[in-house]
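Inside the fold
If you want the building blocks of each chain, they are given just below.
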Amino acid sequence: MPSNHVVKAFLSDLNHAAAPSDIVVWDVGANDGGWSNRLMQLLPERHRNATRLSVFEPQPRFADELTILAARWSGTFHAVAAATADGSLNFFAPPRNASKADTVVASLLDSNRPSVAKEQISVPAIDLAVPMLRLRPDEIVLIKLDVEGYEFELLPHLLVSGALCLVDYLHIEWHPSVLSQSRLSRGLALGEAMNLVLRGCTRPPRAIGHEGLSERQLRRFQKYALGCAGGLKPA
């Protein structure tokens, strides 16, 4: 549900705006669309009418309900995965007969949870930077990014392209549990550096939120980095 400080800052700024602006909301990795639906309900009507909602979700199991949700809010449903290039990606998803609660394990990376049954499917993918770079500076842009482990590949691409500098409110859901031990330090470093790097934008995001990176994990990264600097293996 949209209860984090990024959404609160977004709603607060809209409520203090003198007049409705062009608003863009992207739910990238929408799953069943619950986040988008709740956010649109929270928007005052005068802003809701000025909002263009786009939901991105490659799992076929959610296509019907996301089509209905997009139509309800005059938005657009994109049945694609967000990626670093156009094409296709392998997606590890729960079997079609799995309960909705099991969809939390869906991932673009085969997670380290062998006890959870998954099937591999090929899904269409788009280079997310391309439509992001078409966003206008005069628009108010909120993006929620929940790409089930692929953020460690996608975010560096969006940074280098400059696409993230067109976002006013950014909420990232991190999934470090899908990373191998050898990649974990790099992933945690990316999470820790995001805020600092985005300050270099001509127009930095007004609010950035991170979900899924705990203080324990960041301490683990710091310990790892110190160990590497001293020529030692991390404990």
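Residues take numbers from 1 onward in each chain, read along the sequence in its written order. Local features in a predicted model are, by the rule used here, given only for residues with pLDDT of at least 70; side-chain atom pairs are given and counted only at 80 or more, and totals for whole chains, interfaces and linings are based on all residues. The basis for every side-chain value is the complete set of heavy atoms in the structure, and neither hydrogens nor water enter the calculation.

Some points on the sheet that holds strand β5 (residues 87-93)
Put simply, the test is: At least two bridges found by DSSP between two strands are what make those strands a pair. In this description a helix means any DSSP run of H or I spanning at least four residues, a strand means any run of E spanning at least two, and both kinds are numbered starting from the N terminus. What counts as an axis is a line fitted to C-alpha atoms, over the stretch in contact for a helix, and the angles between N-to-C directions run from 0 to 180 degrees.
With mixed pairing, the three strands of this open sheet are ordered in space as β4-β6-β5. A single partner strand is all that each edge strand has here, and the edge strands are β4 (81-83) and β5. On average, each strand axis in the sheet is tilted by 50° relative to the strand beside it, whichever way the strands run. Taken together, the seven bridges between β5 and strand β6 (residues 119-127) define a ladder with antiparallel strand orientation. Looking at the pairing, L89 lines up with V123 of β6.

Let's talk about the pairing of β6
Sheet topology note: the β4/β6 ladder contains three bridges and is parallel. If you follow A81 over to β6, its bridge partner there is A125.

Looking at the nonpolar core
The line we're drawing: Throughout, nonpolar core names a set of buried Ala, Val, Leu, Ile, Met, Phe, Trp, Tyr and Cys residues whose side chains join them through atoms within 4.5 Å. Between buried and exposed lies partly exposed: a residue is buried under 20% and exposed over 50% of the maximum accessible area for its type, with that area taken using a 1.4 Å probe on protein chains only.
Counting residues in hydrophobic clusters, the biggest one holds 44 residues, and the most contacted among them are W26, V28, L128, M132, L164, L170 and M194. Of all the elements, helix α7 (residues 181-198) adds the most residues to this core, at five residues. Within the second largest apolar cluster, 24 residues are counted, among which are V7, L14, A30 and M40.

Focus: α7
In an α-helix, one full turn covers 3.6 residues, which means residues spaced three or four apart are oriented alike. To keep it simple, the criterion reads: Under the convention used throughout, the expected extent of a helix is 1.5 Å for every residue step, that is, one less than its residue count. Think of it this way: the bend at a residue is just the angle between two axes, each fitted to seven residues, one set ending at that residue and the other starting at it.
If you check α7, its first and last C-alpha atoms are 27 Å apart, about what 18 residues at 1.5 Å a residue would give, namely 26 Å. Of all the bends in α7, the greatest, near 40°, is centred on E192. When α7 is considered as a whole, its buried residues turn out to be L184, S185, G187, L188, L190, G191, M194 and L198.

Digging into the sheet that holds strand β2 (residues 51-56)
Across the sheet, which stays open at both edges, the six strands sit in the order β3-β2-β1-β7-β8-β9 with parallel pairing between neighbours. Whereas interior strands pair on both sides, the edge strands pair on one side only; in this sheet they are β3 (76-78) and β9 (207-211). Across the sheet, the mean angle separating the axes of adjacent strands is 10° when strand polarity is ignored. Of the strand pairs in this sheet, strand β1 (residues 23-28) and strand β7 (residues 140-145) are connected by six bridges, and their pairing is parallel. Paired with W26 across the two strands is I143, which belongs to β7.

Some points on the packing of aromatic side chains
So the rule is basically this: Each aromatic pair joins two rings of Phe, Tyr and Trp (for Trp, the six-membered one) with centres within 6.5 Å, and gets the label stacked for planes under 30 degrees apart, edge-to-face for over 60, and tilted for any other angle. Both a distance and an angle decide whether a charge sits over a ring: NZ of Lys or CZ of Arg must be within 6 Å of the ring centre and within 35 degrees of the ring normal.
Applying the stated rule across the entire model yields three aromatic pairs. With a centroid separation of 5.4 Å and an interplanar angle of 70°, the aromatic rings of F10 and Y169 are classed as edge-to-face. Highlighted residues: F10 in helix α1 (residues 5-15) and Y169 in strand β8 (residues 169-173), separated in sequence by 159 residues. With a relative accessible area of 0%, F10 lands in the buried category. For Y169, a relative accessible area of 1% gives the class buried. Pairing W26 with F56 gives two aromatic rings, centres 5.3 Å apart and planes at 55°, and the pair type is tilted. Taken together, the positions of W26 in strand β1 and F56 in strand β2 put the pair 30 residues apart, joining distant regions of the chain. We note that W26, like F56, is buried. The side chain of R61 reaches across the aromatic face of F62, ending 5.8 Å from its centre.

Digging into the confidence of the model for the protein chain
Definition in use: One number per residue, pLDDT, summarises how confident the predictor is, and it ranges from 0 to 100. In this analysis, two residues are considered to be in contact whenever any of their non-hydrogen atoms come within 4.5 Å of each other.
Looking at the protein chain, the pLDDT average stands at 83 and 78% of residues meet or exceed 70. Every residue in residues 100-105 is under pLDDT 50, and counting partners more than four places away or in other chains gives 14 contacts. Long-range and interchain partners of residues 228-235, a stretch whose pLDDT sits below 50, account for three contacts in this model, where long-range means more than four residues apart.

Some points on helix α2 (residues 34-42)
What α2 keeps buried is the set W35, S36, N37, L39 and M40. Taken together, the buried residues of α2 touch α1, β1, α3 (45-48), β2, α4 (63-72) and β7.

Observations regarding the pairing of β1
Of all six residues in β1, six are buried; the element is thus mostly enclosed. On β1, burial covers both faces: I23, V25 and D27 on one face and V24, W26 and V28 on the other are all buried. Where β1 and β2 come together, six bridges link them in parallel fashion. Bridge pairing links V24 to R52 in β2.

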